Amino acid sequence: MLRLSCSVERLTELHNIDTPLAQGGDGPLAQGAALQGPEGSTPDGRLLYFERQPGAGAVRLFISPLSGAEATPLFEPRFTYTNARFSPDGTWLAYVSDESGALDVSVVRWPLSHGRMRVSTTGGSRPRWSRDRRTLLFLFGAGLFRVPVPSAGPGKTSLVLA
């Protein structure tokens, strides 16, 4: 079944649409959140992941089966987690968090394990996977950085463009 998940601004309110395309209409990604928006789906198309910010609290990442089951948080609620991106083969999840006290890019094996690895150490945002599927790109300041992510884990970060 095909689903549509997006954010739509209607007058002064932000609405999040998550609906089977065959049924029409729209509905919320999850109930009770002040601000939420879809980030993407897993490469196998079974799970939708999205951000939710309850009021003035930290931004949190949630995941929900596209079958419509209840959404569950991905990480601890006391930190901000945002900008999630799955590797094309679905083995890594890249994200930005403030666990270290600053917004840094990290990766973790999927399904979630305890082996989180920070790939930026002085800040970073907007992680994206390269076309070769083995390199993670991210922004910091005015620079574009890359880090190889082989099966054993991230390598050394290098500047691509300043």
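Note: the structure precedes this text.
Residues numbered from 1 in each chain as written. Predicted model: local features only at pLDDT ≥ 70, side-chain atom pairs only at ≥ 80, totals over all residues. Heavy atoms only, no water.

Turning next to the pattern of salt bridges. Applying the stated rule across the entire model yields five salt bridges. Between Arg46 and Asp44 there is a salt bridge, and its shortest N-O distance comes to 3.3 Å. Residue Arg46 is classed as exposed on the basis of its relative accessible area of 58%. What makes Asp44 partly exposed here is its relative accessible area of 48%. (Salt bridge = Lys/Arg side-chain N within 4 Å of Asp/Glu carboxyl O. Buried < 20%, exposed > 50% of the residue type's maximum accessible area, 1.4 Å probe, protein only.)

Note on placement: Asp104 falls in strand β9 (residues 104–109). Owing to a relative accessible area of 2%, Asp104 belongs among the buried residues under this scheme. Within the structure, the side chain of Asp104 is placed 3.1 Å from the side chain of Ser120, a separation counted as a polar contact. In this structure, Asp104 is in contact with Tyr95, Val96, Ser97, Arg118, Ser120, Thr121, Thr122, Gly123 and Gly124, ignoring residues within four places of it in sequence. (Helix = DSSP H or I, 4+ residues; strand = E, 2+ residues; numbered from the N terminus. Polar contact = N/O pair within 3.5 Å; in protein donor to acceptor, adjacent residues only side chain to side chain. Contact = heavy atoms within 4.5 Å.)

What follows covers the sheet that holds strand β12 (residues 135–140). Read across the open sheet, the four strands follow the order β11-β12-β13-β14; overall the sheet is antiparallel. Each of the sheet's edge strands pairs with one partner strand only, and the pair in question is β11 (125–129) and β14 (158–161). On average, each strand axis in the sheet is tilted by 30° relative to the strand beside it, whichever way the strands run. Two elements, β11 and β12, share three bridges in a ladder whose sense is antiparallel. Note on β12: the bridge partner recorded for Trp129 is Leu136. (Pairing = 2+ DSSP bridges. Axes fitted to C-alpha atoms, helices over the stretch in contact; angles between N-to-C directions.)

So, about the side chain of Arg60. As for its placement among the helices and strands, Arg60 is situated in strand β5 (residues 60–65). In this structure Arg60 is buried but unpaired, with Glu76 as the nearest side chain of opposite charge at 9.7 Å. Discounting chain neighbours no more than four positions away, the residues touching Arg60 are Phe50, Glu51, Arg52, Pro73, Phe75, Pro77 and Tyr81. (Lys, Arg positive; Asp, Glu negative; His and termini not counted.)

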